[in-house]
Amino acid sequence: MVGPQRPQFVLFGSSIVQISYANGGWGAILSDVYARKADIVLRGYYGWNSRGAVQVLNQVFPKDAATQPSLVIVYFGGNDSMGPHSSGLGPHVPLPEYIEHMRSIAVHLKSLSDTTRVIFLSCPPVNEAKLRESTSGIFSELVRTNELCRQYSEACIHLCREVGVKVIDLWTAIQKRDDWLNACFTDGIHLSAEGSKIVAEEILKVLKGAEWEPSLHWKSMPTEFGDDSPYYLVAVDGKTTLNPSDWTFHREIQWD
């Protein structure tokens, strides 16, 4: 392992997690915000549903690991919410089964340590028209609707309140933007840079507002090797140096 050891934030989910570093994605935003504060670890699996997730929980998050994550952000639901295929194949998971899988994930993650925190992301909306335009001819009987997304989003939110897990209502958050249908997706499903900004903002809101000890909000966490140094650029007075450890001027958005 590379040192010094930092708090570990794990992103666990399907394609919206796997490609969260692409196209100005929310995973990349978090890695920038938490530079020198926490390591963002990606465990995203394109095409997966909650049924597949529970089958690998012990492999991805072993209870006997020497170090447990400080935070796990979980997203499953988009693939689960797709309509069932006539063959019985495909990613669809009936809503009651989806709820129980997400419950199992929540219980497992909360058991990892007394300081492992968990945030679930609910199913975001989809642009059905754009999805139809961009869907490849290699797919069969692809059924994905905003109404199904709403049902799975609401089920996830209700479950999280029941089991005491923080949850972000992406279905609602994304649709607050007037132009969400065209601005927030690359293909009607996966998030564009604008869609990812919404996800990142909502995550940071939760982290800032959570009454967790220790706090996992980036402004409250120590900066690795943040001490002053005579090797930094010299200030205008010619006698002192400027410590750049926490500079954020490079960011397009000054995240809170």
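Below or above, wherever it landed, is the structure these notes cover. (Residues numbered from 1 in each chain as written. Predicted model: local features only at pLDDT ≥ 70, side-chain atom pairs only at ≥ 80, totals over all residues. Heavy atoms only, no water.)

Remarks on unusual backbone geometry
Part 1 of the argument: Residue Pro-4 follows Gly-3 across a cis peptide bond; omega there is -10°.
Part 2 of the argument: In this structure, Pro-4 sits in the segment before strand S1 (8-13).
Part 3 of the argument: Geometrically, the link from Glu-213 to Pro-214 is a cis peptide bond, its omega value of 0° lying close to zero.
Part 4 of the argument: Structurally, Pro-214 can be placed in the segment after helix H10 (193-209).
Part 5 of the argument: For Asn-23, which is not a glycine, the phi torsion comes out positive at approximately 55°.
Part 6 of the argument: Relative to the helices and strands, Asn-23 is located in the loop between helix H1 (15-18) and helix H2 (26-33).
Part 7 of the argument: If you check the backbone angles, Phe-225 has positive phi at about 50° while not being a glycine.
Part 8 of the argument: For Phe-225, a relative accessible area of 59% translates into the label exposed. (Helix = DSSP H or I, 4+ residues; strand = E, 2+ residues; numbered from the N terminus. Buried < 20%, exposed > 50% of the residue type's maximum accessible area, 1.4 Å probe, protein only.)

What about the side chain of Ser-153?
Part 1 of the argument: As for its position among the elements, Ser-153 is in helix H7 (residues 146-163).
Part 2 of the argument: The buried category is assigned to Ser-153, whose relative accessible area is 1%.
Part 3 of the argument: One polar contact links Ser-153 to Ser-122, side chain to side chain, over a distance of 2.8 Å.
Part 4 of the argument: In this structure, Ser-153 is in contact with Ser-122, Cys-123, Asp-169 and Trp-171, ignoring residues within four places of it in sequence. (Polar contact = N/O pair within 3.5 Å; in protein donor to acceptor, adjacent residues only side chain to side chain. Contact = heavy atoms within 4.5 Å.)

A word on the side chain of Asp-80
Part 1 of the argument: Relative to the helices and strands, Asp-80 is located in the loop between strand S3 (71-75) and helix H5 (95-110).
Part 2 of the argument: Nearest to the buried, unbridged Asp-80 among oppositely charged side chains is Arg-51, at 7.0 Å.
Part 3 of the argument: Among the polar contacts made by the side chain of Asp-80, one reaches the side chain of Ser-50 at a distance of 2.6 Å.
Part 4 of the argument: There is a polar contact of 3.4 Å between the side chain of Asp-80 and the backbone nitrogen of Gly-77.
Part 5 of the argument: Residues within four places of Asp-80 in sequence aside, it is in contact with Asn-49, Ser-50, Arg-51, Pro-91, His-92, Val-93, Tyr-98 and Tyr-152. (Lys, Arg positive; Asp, Glu negative; His and termini not counted. Salt bridge = Lys/Arg side-chain N within 4 Å of Asp/Glu carboxyl O.)

Quick word on the packing of aromatic side chains
Part 1 of the argument: Inspection of every chain in the model, using the stated rule, returns seven aromatic pairs.
Part 2 of the argument: Residues Phe-12 and Phe-76 carry aromatic rings whose centres are separated by 5.1 Å and whose planes lie at 80° to one another, so their mutual orientation is edge-to-face. Of this pair, Phe-12 sits in strand S1 while Phe-76 sits in the loop between S3 and H5, and the two are 64 residues apart along the sequence.
Part 3 of the argument: A relative accessible area of 0% places Phe-12 in the buried class.
Part 4 of the argument: What makes Phe-76 buried here is its relative accessible area of 0%. (Phe/Tyr/Trp six-rings, centres within 6.5 Å; stacked < 30°, edge-to-face > 60°.)

Without other data, these values stay purely geometric and don't point to any function.
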